[in-house]
Each structure stands twice: as C-alpha cells, then as structure tokens.
Amino acid sequence: MQRLRSRQQFQAVMAGPPVARTPHFALHRAALSCEQGGRALFPVADAWLGVLLPKRWARRAVTRNAIRRQIYEVARHRADSLPQAALVVRLRSTFNREQFVSATSVVLKRAVRAELEQLLGRVAVRPVAASNEAETGDAAV
C-alpha cells in the first residue's frame with residue numbers, strides 16, 4: 001500500500017463525492033489513471049491511502065495522531081482486500097469529548113476502529129476464491 005503525499009494527489013481524490021460514509025468518517029475514491037502535466041499522479045498500480053483530519057473536528061494533536069495511526073493500521077490489515085485505487089479517509093465530525101474523555105482511551109480506539117472496518121469494508125474487493133465459495137456454497141471445512 002502506498003501513501004498519498006502531494007497536494008495534487010489529495011485534490012484529485014477529493015474532487016469527487018464520498019463513496020462511503022460512517023457517522024464520523026467519509027471515504028473518497030479516485031482511479032489511478034489521473035494525470036497532471038503529462039505525469040501520472042499515481043505511478044504504481046497499488047492501493048493508495050491518504051488521511052485528512054481537520055483541526056475543526058479533532059482539536060488536539062494527540063487525538064488526530066491517534067486516529068491517524070488507527071486508520072493506517074486498519075488499512076494495513078485490509079491491504080489485500082483494498083482496490084487498486086486512490087483512497088482518502090476524511091474525518092467529517094467530532095468525537096464527543098464527554099463520551100471520549102481521553103484522546104488515547106481504549107474506548108475511543110475501539111469506536112474509531114469499528115467505524116474504519118465498516119468504512120473500508122464497503123470498498124473492499126473480495127478475493128476470487130472466497131467469492132467462488134460464497135456463490136457455490138462450497139466453503140472448506
């Protein structure tokens with residue numbers, strides 16, 4: 001999995017509407033065929049991931065960093081099922097500070113991870129063997 005680095009890469013992905021949403025996150029997606037100035041923005045055919053965490057929705061840097069680490073970790077575990085596309089996970093609302101007092105609390109990490117699993121699961125590409133088993137009902141025991 002590759003990480004988005006440049007402003008042009010983020011702008012290309014964010015140009016379209018979100019393809020999936022959860023209460024706190026939105027997922028944007030773009031094809032890897034985007035070009036700028038005759039150069040490919042995404043030179044490697046792989047899953048590309050970027051994270052956008054505005055201060056507006058997560059005021060404390062420790063909160064943003066904890067959420068960012070969770071996003072990259074969940075994506076790393078799901079790397080095999082992610083499509084070959086450019087993805088941006090964007091925080092779109094705040095986590096309630098009364099409910100999640102500490103930025104590094106286990107409760108907040110679980111809530112973030114659950115939403116990210118749901119979000120990335122919506123764009124996941126099923127492996128061929130698993131989809132064939134599901135269609136025929138011949139799952140290995």
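Here the structure is shown first, and the text comes after it.
Residues numbered from 1 in each chain as written. Predicted model: local features only at pLDDT ≥ 70, side-chain atom pairs only at ≥ 80, totals over all residues. Heavy atoms only, no water.

## Things to note about the pattern of salt bridges
- A full pass over the atoms with the stated rule returns two salt bridges.
- For Glu73, the salt bridge is made with Arg76, and the minimal N-O distance between the two is 2.6 Å. Highlighted residues: Glu73 and Arg76, both in helix H2 (residues 61–77), separated by three residues, approximately one helical turn.
- For Glu73, a relative accessible area of 26% puts it in the partly exposed group.
- One salt bridge connects Glu117 with Arg78, and the closest N-O pair in it is separated by 2.8 Å. Placement of the pair is Glu117 in helix H3 (residues 106–121) and Arg78 in the loop between H2 and strand E7 (86–91), with a sequence separation of 39 residues. (Salt bridge = Lys/Arg side-chain N within 4 Å of Asp/Glu carboxyl O. Helix = DSSP H or I, 4+ residues; strand = E, 2+ residues; numbered from the N terminus. Buried < 20%, exposed > 50% of the residue type's maximum accessible area, 1.4 Å probe, protein only.)

## Concerning H2
- The terminal C-alpha atoms of H2 lie 24 Å apart, and with 17 residues this matches the ideal 24 Å at 1.5 Å per residue to within 8%.
- Among all positions in H2, only Thr63, Arg64, Ala66, Ile67, Gln70, Ile71, Tyr72, Val74 and Ala75 are buried.
- Buried residues along H2 sit in contact with strand E1 (2–3), strand E3 (25–30), strand E6 (48–52), E7 and H3. (Expected span 1.5 Å × (residues − 1). Contact = heavy atoms within 4.5 Å.)

## Observations concerning the nonpolar core
- Counting residues in hydrophobic clusters, the biggest one holds 25 residues, and the most contacted among them are Phe25, Leu27, Ile67, Ile71, Val89 and Phe95.
- Every element with two or more residues in this core is listed here: E3, E6, H2, E7 and H3.
- Aside from chain neighbours lying at most four places away, what touches Phe95 is His24, Phe25, Trp57, Ile67, Phe100, Leu108, Val112 and Glu115.
- Ranked by size, the runner-up nonpolar core spans ten residues in total, among them Leu4, Val13, Leu32 and Val88. (Core = buried A, V, L, I, M, F, W, Y, C linked by side-chain atoms within 4.5 Å.)

## Observations regarding the pairing of E6
- In terms of residue burial, E6 counts as a mostly covered element, since four of its five residues are buried.
- Inspection of the sheet shows E6 paired to E7 by five bridges, in the parallel sense. Counted as the bridge partner of Gly50 is Val88 from E7.
- In this view, the connection linking E6 to its parallel neighbour E7 by way of H2 has left-handed handedness. (Pairing = 2+ DSSP bridges. Right-handed = clockwise from strand over helix to strand, strands pointing away.)

The analysis is restricted to geometry; functional conclusions fall outside its scope.
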